[in-house]
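So you can see what is in the structure, the chains are spelled out below.
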Amino acid sequence: MQSKNLALVNATGRQAASVARVASALGYHVQAHVHQPSHPVAVELSQLDNVILFHGSLEDRNFLDRLFKGVQRAFINTVSFGDELAIGKSLADAAKRAGVQHYIYSSMPDHSVFDKGWPALPLWSVKFTVENYIRQASHLGRRQHRPDRTDQSLLSPTRVCFLFSRALRRKVTYHFSPRIDVEVSVPHGYREQLQGIELLFGTFRAPYFGLDLDSGENMKTVEDGTDKGGGTAVAEARSLWGGWRGMEEYAREVFPVEEFHNGLTWMKEESDSDLEADTRMAKSGMDKNI
Ligand SMILES: NC(=O)c1ccc[n+]([C@@H]2O[C@H](COP(=O)([O-])OP(=O)(O)OC[C@H]3O[C@@H](n4cnc5c(N)ncnc54)[C@H](OP(=O)(O)O)[C@@H]3O)[C@@H](O)[C@H]2O)c1
């Protein structure tokens, strides 16, 4: 069906691969850009129903025109390899040329715009610049997407722990720490990002998505402890995307698989025997702390 055509970029990445799997299961025709067709995730995606891989460079205008041809929806998550700003803009331009109706851009905020002395995180602020560029491209979708919030819903850390405890049958607790200790090697440029995160969320305790999304109507789901997508951004995203999953489902179905692929084995060990007591504890903590 023509209205169920979807384009993705960086389809081997966690966000886009997850969208590709769900979109295929929901009957979408997916045009999925990959960097390496031989990548194990690319091979896996190529075997899903109605997924066609597009191998090419995001800096190639002709390639982008082929990728967006005939699609009405796009989910775009850019990464910091290459010139993310230029790539983000040219993806938006190509989608506009192709007449894409719903353009979902995986954005992040630039906290420095709130004028509170908060630093701009280098890997996020570029996405915010692209977000603003897209907003100005009038006939693309009205709302951009910031990861986690629209995928899952808006939840406090304590409630996330409660849902993880229930899904994994293990005690999961939240501990706030103002410091990040980096004990492993990190990719070039990422240390500055982590130092900014430490300052922004550890020292300033800034709201994750900034002040515009973490306020008003969107806080209702946190305050009443429900998971109904009552926030406006959540409700709108869910109306566009039938394949959303809640945090508890993510914790149960996806998180252990990701952890396994990261070389961890905790999921093979027995779960807590006193789960019920833990869940009661988490629930009572949640009621107190939300
Ligand atoms: N995941 C999250 O929860 C989250 C939350 C907030 C923000 N973000 C943002 O999302 C982005 C990462 O998304 P993700 O987690 O879905 O991606 P990911 O799993 O880290 O995958 C990275 C993607 O980038 C591609 N890539 C790797 N090396 C490359 C290179 N040298 N040149 C070009 N492309 C390369 C990979 O292609 P190959 O597989 O072919 O190497 C893959 O498609 C980041 O910008 C991050 O700031 C993510």
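In the nomenclature of an unreviewed UniProt entry, the protein chain is known as NmrA-like domain-containing protein of Ramalina farinacea. According to the UniProt record, the Sequence similarities (unreviewed entry) comment for the protein chain reads "Belongs to the NmrA-type oxidoreductase family."

Caption draft 1: Local environment of the overall build of the protein chain. Helix and strand counts for the protein chain stand at 13 helices and five strands. Across the 290 residues that make up the protein chain, the buried fraction comes to 32%. A sequence separation of at least 24 residues applies to 65% of the contacts in the protein chain between residues at least 6 apart.

Caption draft 2: Up close: the nonpolar core. Counting 35 residues, the largest nonpolar core has Leu6, Leu8, Ala20, Phe68, Ala74, Leu91 and Tyr103 as the members making the most contacts within it. Mapped onto this core, the elements with two or more residues apiece are strand S1 (5-8), helix H1 (14-25), strand S2 (29-34), helix H3 (61-68), strand S4 (73-76), helix H4 (84-98), strand S5 (102-105) and helix H5 (122-136). A total of five residues in this core trace back to one element, the largest contributor, which is H4. Counting residues in each nonpolar core, the second largest holds nine residues, with Leu155, Val160, Phe162 and Leu168 among its members.

Caption draft 3: Focus on the environment of Phe128. Note that Phe128 resides in helix H5. Along the sequence, Phe128 and Met108 sit 20 residues apart, while their C-alpha atoms lie 5.9 Å from each other. Filtering out sequence-adjacent residues up to four positions away, Phe128 remains in contact with Ser107, Met108, Pro109 and Asp110.

Caption draft 4: Representation of the sheet that holds S5 within the structure. In space, the five strands of this open sheet follow the order S3-S2-S1-S4-S5, with parallel pairing throughout. The open sheet has two edge strands, strand S3 (51-55) and S5, and neither has a second partner. Averaged over all neighbouring strand pairs, the angle between strand axes comes to 15°, with direction disregarded. Of the strand pairs in this sheet, S4 and S5 are connected by four bridges, and their pairing is parallel. Across the sheet, residue Arg73 finds its bridge partner in S5, namely His102.

Caption draft 5: Spatial organisation of the packing of helix H7 (residues 157-168) against helix H12 (residues 247-261). At a closest axis distance of 8 Å, the pairing of H7 and H12 adopts a crossing angle of 40°. The pairing of H7 with H12 is recorded here as oblique in orientation. Between H7 and H12 the crossing geometry is right-handed. Of the residues in H12, those touching H7 at Val160, Leu163, Phe164, Arg166, Ala167 and Leu168 are Met247, Glu248, Ala251 and Arg252. For the contact of H7 with H12, the class distribution of residues is seven nonpolar, no polar and three charged.

Caption draft 6: The arrangement of the environment of Leu48 in detail. Along the chain, the position of Leu48 falls in the loop between helix H2 (40-46) and S3. Sequence separation of Leu48 and Ser24 is 24 residues, and the distance between their C-alpha atoms is 6.6 Å. Setting aside its immediate chain neighbours within four residues, Leu48 contacts Ala20, Arg21 and Ser24.

Caption draft 7: Geometry of the site of the ligand. Taken together, the neighbourhood of the ligand is formed by 17 residues, with Asn10, Thr12, Gly13, Gln15 and Phe81 sitting nearest. With three residues, the top contributor of residues to the shell around the ligand is H1. In terms of residue class, the shell around the ligand is built from six nonpolar, ten polar and one charged.

Caption draft 8: A look at H3. Considered for burial, the residues of H3 that qualify are Leu64, Leu67 and Phe68. Summarising the axial view, the buried residues of H3 lie within an arc of 85°, below the 170-degree limit, and thus occupy one face. For H3, exposure combined with an orientation more than 90 degrees from the buried face picks out Asn62 and Asp65. Tucked inside the fold, the buried residues of H3 contact S1, S2, S3, S4 and H4. Backbone geometry just after H3 places Gly70 at a positive phi near 80°.

Caption draft 9: Expanded view of the pairing of S3. Across five bridges, S2 lies against S3 in parallel orientation. Residue pairing in the sheet places Val30 in a bridge with Val51 of S3. Remark: the S2/H2/S3 crossover connection has right-handed handedness.

Caption draft 10: Representation of the packing of H4 against H5. Where H4 meets H5, the axes come as close as 9 Å, and the angle between the chain directions of the two elements is 25°. In terms of their interaxial angle, H4 and H5 are classed as roughly parallel. Where H4 crosses over H5, the handedness of that crossing is right-handed. When H4 is examined against H5, the residues Glu84, Leu85, Gly88, Lys89 and Ala92 are found in contact with a partner set consisting of Val126, Thr129, Val130, Tyr133 and Ile134. A per-class count over the contact of H4 with H5 returns six nonpolar, two polar and two charged.

How each quantity is defined
- Residues numbered from 1 in each chain as written.
- Predicted model: local features only at pLDDT ≥ 70, side-chain atom pairs only at ≥ 80, totals over all residues.
- UniProt positions renumbered as here; feature names shortened; annotations may be inferred.
- Helix = DSSP H or I, 4+ residues; strand = E, 2+ residues; numbered from the N terminus.
- Buried ≥ 20, exposed ≤ 12 C-beta atoms within 10 Å, placed from the backbone.
- Contact = placed C-beta atoms within 7 Å.
- Core = buried A, V, L, I, M, F, W, Y, C linked by C-beta atoms within 7 Å.
- Pairing = 2+ DSSP bridges.
- Axes fitted to C-alpha atoms, helices over the stretch in contact; angles between N-to-C directions.
- Parallel < 35°, antiparallel > 145°, perpendicular 65-115°, else oblique.
- Left-handed = near helix turned anticlockwise from the far one by under 90°.
- Nonpolar A, V, L, I, M, F, W, Y, C, P; charged D, E, K, R; others polar.
- Near = placed C-beta within 6 Å.
- Arc of directions from axis to C-beta.
- Right-handed = clockwise from strand over helix to strand, strands pointing away.

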